[in-house]
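Structural characterization, general
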Amino acid sequence: SAAPAAAAPPEAPQGGAREAESARAAALFDGSGLRAVDPGDEEWLAAAVETLGRTRTGRRVLRGTRRLAETRGQATLVLLKPISNNGEFRYDSDLLVMDAAHRRTAPERSAPILAHELQHVLQRQLGLPSDALELEVESYSVESRVWSELGVEPARGSFAAEARRRLLKDPDAFLGWLGGQYDNNRLLHGDSMKGYVRWLKDERAKAVRRRARGLRDLEAARRIADAIRAEGKPKKVRRAYAREEIEPIERRLRDADDEIAWCERDLELLSSPEGRARFRAYSRRVVRRARAVSASAR
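Residues numbered from 1 in each chain as written. Predicted model: local features only at pLDDT ≥ 70, side-chain atom pairs only at ≥ 80, totals over all residues. Heavy atoms only, no water.

1. Details of the overall build of the protein chain
Operational definition: Segments assigned H or I by DSSP are reported as helices when at least four residues long, segments assigned E as strands when at least two residues long, and all are numbered from the N terminus. Relative accessibility decides the category of a residue: with a 1.4 Å probe and only protein chains considered, values under 20% of the type maximum give buried, values over 50% give exposed, and everything between is partly exposed. Any two residues whose heavy atoms approach within 4.5 Å are treated as being in contact. Surface exposure here means Shrake-Rupley accessible area, sampled with a 1.4 Å probe, where a residue is shielded only by the protein chains that are shown.
Summing up its helical and strand segments, the protein chain has ten helices and four strands in all. The buried share of the protein chain, reckoned over its 298 residues, is 45%. A separation of at least 24 residues holds for 68% of the contacts in the protein chain among residues at least 6 apart in sequence. Taken as a whole, the protein chain presents about 15700 Å² of accessible surface, with 48% of it coming from carbon and sulfur.

Take a look at the structure:
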């Protein structure tokens, strides 16, 4: 079956109408469990939250976000900045980042993307492997439901539009396609738990090798830095060398350390019968829901 016909895209309010809508949304923004990093973005966030609250799926996600904030005693921080995709939730920094272009779009265009990323925020609390592709499958299913409930379609030609089209047309084919888009993630669905654990161990081993190479590179770079210093080169030259050669290696090492830590965390989660059972149940539930999203569009 084909995806439903695209609705006419809503236009962003102009001038005074936009200011009035933003002020009204800000007045309704009461304790969603979200907070904009930049206070100037609070009105944008309020408008997106108010729009999300007009949908059944959005209200469910927002309830979870509020409960999470109450449990942790802190809000989920939302940052708008230029990035290469619509949005992302950064596990390491616990930061939800939306592309700055959302400031210039109607809330109906931002709310489904926000719901996708908020689902990732909620997933983190479930004790699941961080690189499970099921996490993306679930978030795209949530996003697609919000698009449908708002009666809006993502911008033609966008990745969001392509993902939604494929999900609604054939959810099982969508799983394979999505795996090709997220090549650092892996599905448990269609694989064995042993296969998944073996993949995690391989990923950890690759990160360990990258770390070892990084340490060798850092040692060599520091020897050169010592030679530059011994030659009496000015501080400006030494700083430039550190910025160009040493700091990138140090970032690579931090990335490798983070990846090793996440792999070990995930392997620990899957070392117990309870952790494996939780992941299996989650994977099955996510695939069923993706199929239900597709069936509801027929």
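2. A few points about empty space enclosed by the protein
For the record, the criterion: Grid spacing is 1 Å over the protein atoms alone, the probe is 1.4 Å, and a cavity is where that probe fits but cannot get out, while a pocket is an open set with protein on both sides within 12 Å along at least five of seven lines and lining residues have an atom within 4 Å of a point. Grid points are joined across faces, edges and corners, and a volume is the space filled by probe spheres set on the points. As a working rule, the residues Ala, Val, Leu, Ile, Met, Phe, Trp, Tyr, Cys and Pro are called nonpolar, Asp, Glu, Lys and Arg charged, and the rest polar, with Gly in that last group.
Applying the stated criterion to the full structure yields one cavity of 30 Å³ or more. Looking at the largest cavity, its volume works out to about 30 Å³. Lining the largest cavity are Tyr91, Gln123, Arg124, Gly127, Leu128, Pro129, Leu135 and Arg265. In terms of residue class, the lining of the largest cavity is built from four nonpolar, two polar and two charged.

3. Description of the sheet that holds strand S1 (residues 34-36)
Rules: The criterion for strand pairing is that DSSP finds at least two bridges linking the strands in question. Between N-to-C directions, angles cover 0 to 180 degrees, with each direction set by a line fitted to C-alpha atoms, over the stretch in contact for helices.
Spatially, the four strands line up as an open sheet ordered S1-S2-S4-S3, and their pairing is mixed. One side of each edge strand has no neighbouring strand; the edge strands of this open sheet are S1 and strand S3 (87-90). Each strand of the sheet is rotated relative to its neighbour by a mean of 25°, with strand direction disregarded. By the bridge criterion, three bridges tie S1 to strand S2 (residues 76-81) in an arrangement that is parallel. The partner of Arg35 across the bridge, within S2, is Leu77. Relative to S1, helix H2 (residues 42-52) is tilted by about 145°, and along the sheet it contacts S1, S2 and strand S4 (95-99).

4. Here's the deal with the pairing of S4
The element S4 is extensively covered by neighbouring structure, given that five of its five residues are classed as buried. Direction of pairing for S2 relative to S4: parallel, over a ladder of five bridges. The residue bridging Val78 from the neighbouring strand is Leu96, located in S4. Sheet analysis places S3 next to S4, joined by four bridges and oriented antiparallel. Looking at the pairing, Gly87 lines up with Met98 of S4. Between S3 and S4, which pair antiparallel and follow one another directly, the connecting turn spans four residues, one of which, Asp94, has a positive phi of 55°.

5. Quick word on the packing of aromatic side chains
Between two aromatic rings, the relevant description is the distance of the centres plus the angle of the planes. The condition that has to hold: Side-chain rings of Phe, Tyr and Trp, where Trp is taken by its six-membered ring, are said to pair if the distance between their centres is within 6.5 Å; with planes under 30 degrees apart they count as stacked, over 60 as edge-to-face, and otherwise as tilted.
Tallied over the full model, the rule gives nine aromatic pairs. Relative to Tyr91, the ring of Phe89 has its centre 5.4 Å away and its plane inclined at 65°; by these criteria the two rings are edge-to-face. In this structure Phe89 comes out as buried when scored by relative accessible area, which is 10%. Among the residues examined, Tyr91 registers a relative accessible area of 15% and is labelled buried. Where Phe159 meets Trp177, the ring centres are 5.4 Å apart and the plane angle is 25°; that geometry is what we call stacked. You can see Phe159 sitting in helix H6 (residues 159-169) and its partner Trp177 sitting in helix H7 (residues 171-181), a full 18 residues away along the chain.

That's the geometry; what it means functionally is another story.
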